[in-house]
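Residue strings, one per chain:
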2 protein chains.
Amino acid sequence: MAVSSRTAVAVHALTFLAQWEREGLQSSAKIAESLESNPVLVRRVLGLLRDNGLVYPVEGSGGGWQLAMPAEQITLHDAYVAVEPGATVLPVHTHPPNQSCVIGRHMPPLLEAEFAAAQRAMEDRLTQTSIADLLRSVIRREGATPAPH
Amino acid sequence: MAVSSRTAVAVHALTFLAQWEREGLQSSAKIAESLESNPVLVRRVLGLLRDNGLVYPVEGSGGGWQLAMPAEQITLHDAYVAVEPGATVLPVHTHPPNQSCVIGRHMPPLLEAEFAAAQRAMEDRLTQTSIADLLRSVIRREGATPAPH
DNA sequence: CTTACTGTAACTATAAAAGTTGCAGTTGCG
DNA sequence: CGCAACTGCAACTTTTATAGTTACAGTAAG
């Protein structure tokens, strides 16, 4: 199952916005520069975050993006859910199995339940870290091994 | 995110083998019939399970597959690890971000740690259910709503 | 009215998975 | 021996998702 790297992009962008929050709006181009990526790609992800109320954009010249709530209140799970709506980490059968076989008749719902429980465990773990936590970790690491000048 | 439906096929096949254990070897064709799938596809998955010591094959006429250990000792996690080696449920950046940005410098390792922890939580949940558990559930369900004759 | 943004559609390229065909190797049995 | 029933595996096609790009319309500041 597969999940894309959109969650990584989303979390990166959110942390970037948290870091430069006092400096005002940040453009998708700036964020793309930090990601070594494309502004359109970034806007696609930011658009999903916007639809979920995590960030909000300002259009027009001098516009850009900012967090829609304190970084303390945004978890990795919020980002994940926004950019991977309805994702199934462990897909079940691609097509229904043979109904004349005992296993075939009963396996799909049982597997769905097991896989959903596993995915819930993963998502629970993602709720335990906020963007603010991540930003603090970034700053702690930067203090330990600063950039070469 | 992405993981294939191979885990579903693997678990289905293992449960099938557990169900017909007393009847002796089961061919990939029989298992494929239960999955409404292709024997080659099934053999591909069974080959991975074999490489991980979960099942073993007998070649030649009258050959087939059987569990290599009691169904009680095989967990969904064993199946998952066998058929999705090195899977990363939540991929990080596809390419390294900008090293001249604080976020870019420190995000990848932090994200890897977070995502790995989340994946570990998922995998932990998978260890909690065995093939024997699943087979019991199948039989319980069959008792409740038997196949139409 | 120009410049700097967001918003979005439409496209290409790439990679992974699902599914199929074909065939070589092995073994039981008549 | 020779056929039939298996596994093992390479090679291929099809399908789908993602990453990335190009192009352009809409909006707002100065």
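Definitions and cut-offs
Residues numbered from 1 in each chain as written. Chains lettered and ligands numbered in written order. Predicted model: local features only at pLDDT ≥ 70, side-chain atom pairs only at ≥ 80, totals over all residues. Heavy atoms only, no water. Near = heavy atom within 4 Å. Polar contact = N/O pair within 3.5 Å; in protein donor to acceptor, adjacent residues only side chain to side chain. Helix = DSSP H or I, 4+ residues; strand = E, 2+ residues; numbered from the N terminus. Contact = heavy atoms within 4.5 Å. Buried area = accessible area lost by both parts, 1.4 Å probe. Salt bridge = Lys/Arg side-chain N within 4 Å of Asp/Glu carboxyl O. Nonpolar A, V, L, I, M, F, W, Y, C, P; charged D, E, K, R; others polar. Least-squares fit on C-alpha atoms with pLDDT ≥ 70 in both. Buried < 20%, exposed > 50% of the residue type's maximum accessible area, 1.4 Å probe, protein only.

## Here's the deal with the protein's contact with DNA strand D
Consideration 1: Near DNA strand D lie 25 residues; those nearest to it are Ser5 and Arg44 of chain A together with Ser28, Arg50 and Trp65 of chain B.
Consideration 2: The sugar-phosphate portion of DNA strand D accounts for 62% of its atoms within 4 Å of the protein, the bases making up the rest.
Consideration 3: Within the contact set of DNA strand D, a base nitrogen lies 3.5 Å away from a backbone nitrogen or oxygen of Ser61 of chain A.
Consideration 4: Those elements that provide at least two residues to the surface near DNA strand D are helix H3 (39-51) of chain A together with helix H3 (39-51), strand S1 (55-58) and strand S2 (64-67) of chain B.
Consideration 5: Ranked by residues supplied to the surface near DNA strand D, first place goes to H3 of chain B with four residues.

## Re the interface of chain A and chain B
Consideration 1: In this complex, chain A contributes 60 residues to the contact, which on the side of chain B involves 57 residues.
Consideration 2: Carbon and sulfur atoms make up 71% of the area that chain A and chain B hide from each other, which totals about 4900 Å².
Consideration 3: Summed over the three residues of chain A that lose the most area to chain B, namely Ile103, His106 and Glu114 of chain A, the buried surface amounts to 12% of that side.
Consideration 4: Scanning the region where chain A abuts chain B turns up four salt bridges.
Consideration 5: Taking the shortest distance from any N to any O, the salt bridge between Glu114 of chain B and Arg125 of chain A comes out at 3.5 Å.
Consideration 6: Linking chain A to chain B there are 19 residue pairs in polar contact (both at pLDDT 80 or more).
Consideration 7: For the side of chain A that touches chain B, the secondary-structure elements that each account for two or more residues are helix H1 (6-19), helix H2 (28-35), helix H4 (76-83), helix H5 (102-126) and helix H6 (131-144) of chain A.

## Things to note about the protein's contact with DNA strand C
Consideration 1: DNA strand C sits among 26 residues. The nearest are Ser28 and Trp65 of chain A together with Ser5, Arg44 and Gly60 of chain B.
Consideration 2: Each atom of DNA strand C within 4 Å of the protein was assigned to sugar, phosphate or base; sugar and phosphate come to 62%.
Consideration 3: If you list the elements that add at least two residues to the surface near DNA strand C, you get H3, strand S1 (55-58) and strand S2 (64-67) of chain A together with H3 of chain B.
Consideration 4: Tallied by class, the residues present in the surface near DNA strand C amount to six nonpolar, 13 polar and seven charged.

## Some details on the relation of the copies chain A and chain B
Consideration 1: Between chain A and chain B, which share one sequence, the superposing operator has a rotation angle of 180 degrees and an axial displacement of 0.0 Å; the RMSD is 0.0 Å. Considering both components of the superposition, the chain copies are consistent with a two-fold axis.
Consideration 2: Looking at chain A, 95% of its interface residues are interface residues in chain B too, so the copies touch through the same face.

## Regarding the side chain of Glu114 of chain B
Consideration 1: You can see Glu114 of chain B is positioned in helix H5 (residues 102-126).
Consideration 2: Owing to a relative accessible area of 15%, Glu114 of chain B belongs among the buried residues under this scheme.
Consideration 3: A polar side-chain atom of Glu114 of chain B sits 3.5 Å from a polar atom in the side chain of Arg125 of chain A.
Consideration 4: The contact partners of Glu114 of chain B, leaving out residues within four places of it in the chain, are Leu76, Arg125, Thr129 and Leu134 of chain A.

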